[in-house]
There are 2 protein chains.
Amino acid sequence: MARPSKKELRSEEILDACERSIVQFGVAGATLQRVADESGLARPLLHHYVGNREDLIAAVVVRFTERAMAEDAAFKQHLPDKHRTRAAIQLLFDPRYASSSHDIQLFQALMVAAEEQAELKVVLAGWYQAFVDDMEAMLSADFPRVTASARRAVATGIVALYFNADSMASLVSPQPLFKDSKQAALQLLETMQ
Amino acid sequence: MARPSKKELRSEEILDACERSIVQFGVAGATLQRVADESGLARPLLHHYVGNREDLIAAVVVRFTERAMAEDAAFKQHLPDKHRTRAAIQLLFDPRYASSSHDIQLFQALMVAAEEQAELKVVLAGWYQAFVDDMEAMLSADFPRVTASARRAVATGIVALYFNADSMASLVSPQPLFKDSKQAALQLLETMQ
DNA sequence: GCATAAATTGACAAACTTGACAATTAATAG
DNA sequence: CTATTAATTGTCAAGTTTGTCAATTTATGC
């Protein structure tokens, strides 16, 4: 028939470049020119494949949430049946497994932009809440007799430590930061006994 | 002699407006026009009083760090001699005392911008480190016999919880968030015994 | 090879942003 | 009142960003 479509491939490349631009310059600083340069494509192609700037940002947000959910599901799959929270902490604060650092940085940048975008706030709040809920569910399974209040507190704490470690890792030396954060998370976990 | 200068007053107004713009739109989104509108002044006045855009952002950063240090000193003054960490937690996670929420949001926005500004990274890292060091000093005073490693972990945890609570407060309902964060901080503190 | 459909490029206009400066207005001292 | 100094306003040019579209190139099936 005709030339095969690269829409899927190109769209992914563009969204990748857009994410990197957002992480580096913030949402407002991620201009179409920068995204084009970052992706190695001509600027009109962004329009051709994804749409205008608003569409582009929206697409990044959609893909981010979908990816986050998928990674979250995969993460939970890898956990054992017993002592799941402890295993989760081992993974979350392993610098080698810090592949999610990009996601956290993207999240932070989107947080800033959410200040003027109510819908975005809802989306990001949902992701954060899901994170805390998952952690709380693990704690429920591991410590069924502990009060809901203590569970929520510990879940909130572990998530806060994880977010903080990943976002500060670009500011201070990551090794001690991850080590201290991990120890704090484990100490917090101890209080569930 | 002549007409009295409003340089001090106007400069403060402009920096206030610039901070609000940064919190709302990010550093890249804080255009001179927005800052001018936000401050109620004509755009050329920004130039007249503070300088060009680069000067403006730099001035915001300088004032932020100075204010943060001053508030930090004042904060420490208000603490008792004994059980300082516990008292600090009571203050940090008191929603009424959440006046610093603006500072945390500003910090987050600057963090994003720091990704492409090495000097800014140093400044922000300094502030964060000072925060953790202060917390660690309190813990040292309150629990002189605990290992340095445990102290650092707890200090890191409390600061992470504080940052997280203040930055997520605009996403999810702040009351439970602050309550859970506070409880987590206190549980973490318990592990120092 | 040829028709077809998609990718890619080049170019343009409108809107926005920044930097700069001259002209005007306003407040104070003497 | 007047000289002086600063605040304030209006305006303009240069550069950037976005949206749009026509023209061209490229890859595939037949």
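Located above this text is the structure these notes cover.
Keep in mind it's a predicted model, so treat the numbers as computed, not measured.

Q: Break down the relation of the copies chain A and chain B for me, citing the residues and quoting the values.
A: Overlaying chain A with chain B gives an RMSD of 0.1 Å, the required rotation being 180° about an axis along which the chain moves by 0.0 Å. Look at the turn and shift together and you get a two-fold axis relating the two. Taken together, the interface assignments show that 100% of the residues at the interface of chain A recur at the interface of chain B, consistent with an identical surface on both copies.

Q: Describe the environment of Ala-73 of chain B, with residues and values.
A: Residue and element names in this part refer to chain B. By the secondary structure assignment, Ala-73 is in helix α4 (residues 53–77). Judged by the 10 C-beta atoms lying within 10 Å of it, Ala-73 is exposed. Residues Ala-73 and Asp-134, 61 residues apart in the sequence, show an inter-C-alpha distance of 9.9 Å.

Q: Explain the protein's contact with DNA strand C to me, using residue names and the numbers behind them.
A: As a matter of local geometry, DNA strand C sits amid 23 residues, with Ala-2 and Pro-44 of chain A together with Thr-31, Leu-32 and Asn-52 of chain B nearest to it. Elements with a contribution of two residues or more to the surface near DNA strand C: α1 (7–29) and α3 (43–49) of chain A together with α2 (32–39), α3 (43–49) and α4 of chain B. Among the elements that line the surface near DNA strand C, the one with the most residues is α3 of chain A, at three residues. Residues belonging to the surface near DNA strand C are distributed by class as follows: 10 nonpolar, six polar and seven charged.

Q: Account for helix α5 (residues 84–92) of chain A, naming residues and giving values.
A: All names here are of chain A. Listed in full, the buried residues belonging to α5 are Thr-85, Ala-88, Ile-89 and Leu-92. Down the axis, α5 shows its buried residues gathered within 100° of arc, on one side only. Looking at the buried residues of α5, the elements they touch are α7 (118–142), α8 (148–168) and α9 (174–190).

Q: So what's going on with the nonpolar core? Residues and values would help.
A: Core analysis: the largest hydrophobic core is formed by 106 residues, its most contacted members being Leu-110 and Ile-158 of chain A together with Leu-110 and Ile-158 of chain B. Not counting the four nearest positions on each side in its chain, Leu-110 of chain B is found in contact with Val-27, Val-61, Leu-120 and Leu-124 of chain B.

Cut-off values and rules
Residues numbered from 1 in each chain as written. Chains lettered and ligands numbered in written order. Predicted model: local features only at pLDDT ≥ 70, side-chain atom pairs only at ≥ 80, totals over all residues. Least-squares fit on C-alpha atoms with pLDDT ≥ 70 in both. Contact = placed C-beta atoms within 7 Å. Helix = DSSP H or I, 4+ residues; strand = E, 2+ residues; numbered from the N terminus. Buried ≥ 20, exposed ≤ 12 C-beta atoms within 10 Å, placed from the backbone. Near = placed C-beta within 6 Å. Nonpolar A, V, L, I, M, F, W, Y, C, P; charged D, E, K, R; others polar. Arc of directions from axis to C-beta. Core = buried A, V, L, I, M, F, W, Y, C linked by C-beta atoms within 7 Å.

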